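Coordinate analysis (summary)
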Amino acid sequence: MSEERELLDRFAGPEEDLERLGRRLAERAEAEGLLEVAWRTVESPVGRLLLAATDRGLLRVAFANEDPDAVLADLARRVSPRLLRASRRLDPVVGELEEYFAGRRRVFDLPLDQRLSTPFRRRVQQQLPRIPYGSTATYREVAVAAENPGAVRAVGSACATNPLPIVVPCHRVVRGDGTTGGYRGGPAVKQLLLALERGERPAA
Amino acid sequence: MDQPFEVAVRDHGAVVLRVCRAVLGPGADAEDAWSETFVSALRAWPELDPAADVRAWLVTIAHRRAIDAVRARGRRAVPVAEPPERERGDGARGDGEPELPDEELWSALRSLPDKQRRCVAYHHLAGLPHAEVAALVGGTPEAARRASADGIAALRRAMARAGRSRA
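Residues take numbers from 1 onward in each chain, read along the sequence in its written order. Written order determines the labels here, with chains lettered from A and ligands numbered from 1. With pLDDT at 70 or above as the cut-off, local features in this predicted model cover only qualifying residues; side-chain atom pairs require 80 or more to be listed or tallied, and sums for whole chains, interfaces and linings still use all residues. The side-chain numbers reported here are obtained from all heavy atoms of the structure, hydrogens and water having been left aside.

Per an unreviewed UniProt entry, chain B goes by Sigma-70 family RNA polymerase sigma factor and derives from Auraticoccus cholistanensis. Quoted verbatim from the Sequence similarities (unreviewed entry) field of the UniProt record, the comment on chain B reads "Belongs to the sigma-70 factor family. ECF subfamily." UniProt positions are given in the numbering used here, feature names are shortened, and annotations may be inferred rather than shown by experiment.

The name given to chain A in an unreviewed UniProt entry is Methylated-DNA--protein-cysteine methyltransferase, with the source organism recorded as Auraticoccus cholistanensis. According to UniProt, the comment filed for chain A under the heading Subcellular location (unreviewed entry) is "Cytoplasm".

Given below as structure tokens:
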């Protein structure tokens, strides 16, 4: 049957056709209001980042240590399976991240879709941008700021599960003993982000 | 269906494109049918049964969109229209690189009766069982089996003739 296979393979056409059709599909889907979750990847000094957004705003930032297929499957289940690779909606995010990694941006100015966080975690995460660029706060300080001083452990888990790392700066929250503490992207990434904000340029 | 639609495009985009090209020829009509297929599928995706055979479902949609495309061609009514000059296998779409399979294949395909061509597309290219092909094109599964076997044999003969005349 290999002769037949060979014959049938001649219908395939080049790979670029599918890429072009895929882009066209994403544009059509966006225009017709069918693109509920758009995603793309971007290279950065902390590795490849997966970005996903709804029409409300940025929904998810994932580091390279998370399996992209698992991240997308989770978003499909929890937000919408109408999910496609599409760049345009994420262009402003990519622009601000580039400025951030170049040391030219201290505050992100992006609409966020925080529906992946529970109300308590969202409240904690909303405190985080108040920690100024280049400085840190302890888990306890954040718990006090969130008007729940007993909730140090819960603050820890709100940081550990932050669906929007970098943009919502959970990397600025450190342990009371001065050590860096855990991070969704791994401790090395956390240290790199803190060093960047201290003005030490990463070797890109 | 709660899987990312992205996965359906990635896993089945190529098969659907082959089917559209086999039914409609290698031109813009096939690409439009591909786009219409996936837009319709995206619209219906959240309601699709998670146990559904996604490829067969997409091929069914492609079948309908291809019928729409043939209707839209109106009364030209050639089963597979002559491809526009720029999309022939002998030339290229601009950059000198032949981007689509050769003209021999498409002309062999054009020579098949419409039903045989669809049966070849749905069975041999998309892998649907004869019973499902019959549900799409009408008639019995046995007739669909015969049509796809006759179609693929005719294609082979035509390709062999073209190969000999080239040699």
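From this point on, the discussion continues.
Moving on, we get to the overall build of chain B. Secondary structure counts use DSSP, requiring at least four H or I residues in a row for a helix and at least two E residues in a row for a strand, with both numbered from the N terminus. A count of helices and strands for chain B gives seven helices and zero strands. Counting from the amino terminus, chain B carries its helices and strands in the arrangement α-α-α-α-α-α-α. Each residue is assigned to one of three classes by its accessible area relative to the maximum for its type, calculated with a 1.4 Å probe on protein chains only: buried under 20%, partly exposed between the two thresholds, exposed over 50%. The burial tally for chain B puts 50% of its 167 residues in the buried class. Every residue pair with non-hydrogen atoms within 4.5 Å of one another is taken to be in contact. Pairs at least 24 residues apart make up 64% of the contacts formed inside chain B by residues separated by at least 6 positions.

To continue, consider the UniProt feature "domain: RNA polymerase sigma factor 70 region 4 type" (unreviewed entry) in chain B. Here, the residues flagged by UniProt with the feature "domain: RNA polymerase sigma factor 70 region 4 type" (unreviewed entry) are residues 103–146 of chain B. Taken as a whole, residues 103–146 of chain B contains 77% helix and 0% strand, while its terminal C-alpha atoms sit 26 Å from one another.

Okay, the interface of chain A and chain B next. At the interface, 34 residues of chain A touch 41 residues of chain B. Throughout, the accessible surface (probe 1.4 Å) given up by two parts as they are put together, summed over both, is called the buried area. Overall, the association of chain A and chain B removes approximately 3,300 Å² of surface from exposure, summing both partners, and the carbon and sulfur fraction of that is 60%. Ionic pairing is found between A:Glu32 and B:Arg43, a salt bridge with its closest N-O pair at 2.6 Å. Here a polar contact means two N or O atoms within 3.5 Å. Within protein one must be a hydrogen donor candidate and the other an acceptor candidate, and residues neighboring in sequence count only if both atoms are side-chain atoms. At the boundary of chain A and chain B, one finds 14 residue pairs in polar contact (both at pLDDT 80 or more). Those elements that place two or more of their residues in the side of chain A that touches chain B are helix H1 (2–9), helix H2 (15–31), helix H3 (68–78) and strand E4 (83–85) of chain A. For the side of chain A that touches chain B, the element with the most residues is H2(A), which contributes nine residues. Charged residues are taken to be Asp, Glu, Lys and Arg, nonpolar residues to be Ala, Val, Leu, Ile, Met, Phe, Trp, Tyr, Cys and Pro, and polar residues to be all remaining types, Gly included. In the side of chain A that touches chain B, the residues fall into 18 nonpolar, two polar and 14 charged. Salt bridge, as used here, is a side-chain nitrogen of Lys or Arg placed within 4 Å of a carboxyl oxygen of Asp or Glu.

Residues and elements named next belong to chain B. Running from N to C, helix H2 (residues 28–44) and helix H3 (residues 54–72) point in directions that differ by 125°, and their axes come no closer than 9 Å. Taken together, the axes of H2 and H3 lie oblique to each other. Between H2 and H3 lies a crossing of right-handed hand. Across the interface between the two elements, Ala33, Glu36, Thr37, Phe38, Ser40, Ala41 and Ala44 from H2 touch Trp57, Leu58, Ile61, Ala62 and Arg65 from H3. Of the residues contributing to the contact of H2 with H3, the split by class is eight nonpolar, two polar and two charged. Here an axis means a line fitted to C-alpha atoms, over the contact stretch when the element is a helix, while the angle between two N-to-C directions is reported on a 0 to 180 degree scale. Between 65 and 115 degrees an angle is taken as roughly perpendicular, under 35 as roughly parallel, over 145 as roughly antiparallel, and anywhere else as oblique. Throughout, a crossing is termed right-handed when the near helix is turned clockwise from the far one, and left-handed when it is turned anticlockwise from it by less than a right angle.

Below, the discussion takes up the sheet that holds strand E2 (residues 49–53) of chain A. All names here are of chain A. In spatial order, the strands read E3-E2-E1-E4; together these four strands make up an open sheet with mixed pairing. The open sheet has two edge strands with one neighbour each: strand E3 (58–62) and E4. With direction set aside, neighbouring strand axes in the sheet form an average angle of 20°. One ladder, built from four bridges, connects E2 with E3; its direction is antiparallel. From the neighbouring strand, Ala52 faces E3, where its bridge partner is Arg60. Two strands are said to pair when DSSP picks up at least two bridges between them.

The next thing to look at is the nonpolar core. One broad rule of soluble globular proteins: the nonpolar side chains tend to lie buried together. As used here, the term nonpolar core means buried Ala, Val, Leu, Ile, Met, Phe, Trp, Tyr and Cys residues forming a set that is joined through side-chain atoms within 4.5 Å. In terms of nonpolar packing, the biggest core is built from 65 residues, with A:Phe11, B:Phe5, B:Trp34 and B:Tyr122 touching the most fellow members. Here this core takes eleven residues from helix H1 (residues 5–24) of chain B, the largest share from any one element. Beyond its immediate stretch of four places on either side in the chain, B:Tyr122 contacts B:Val19, B:Val23, B:Val59, B:His63, B:Gly127, B:Leu128, B:Val133, B:Leu136 and B:Val137. Within the second largest apolar cluster, 38 residues are counted, among which are A:Leu110, A:Val124, A:Leu128 and A:Ala143.

So, about the UniProt feature "active site" (unreviewed entry) in chain A. Look at the UniProt record and you will see "active site" (unreviewed entry) annotated at A:Cys170. Here A:Cys170 shows up in the loop between helix H7 (152–160) and strand E6 (173–174).

The next subject is the environment of B:Gly127. Position of B:Gly127 relative to the elements: it lies in the loop between helix H5 (114–125) and helix H6 (130–137). Counting along the chain gives 20 residues from B:Gly127 to B:Ser107, while the straight-line C-alpha distance between them is 23 Å.

To continue, consider the environment of B:Leu24. Tracing the sequence through the fold places B:Leu24 in helix H1. Counting along the chain gives 43 residues from B:Leu24 to B:Ile67, while the straight-line C-alpha distance between them is 9.2 Å.

Next up on the list: helix H8 (residues 187–197) of chain A. Note: α-helices contain 3.6 residues per turn, so residues at a spacing of three or four share the same orientation. All names here are of chain A. Residues Val189, Lys190, Leu193, Leu194, Ala195, Leu196 and Glu197 constitute the buried set of H8. Along its buried surface, H8 packs onto helix H4 (91–101), helix H6 (139–145) and E6. Where H8 terminates, the next one or two residues include Gly199, which has phi positive at roughly 100°.

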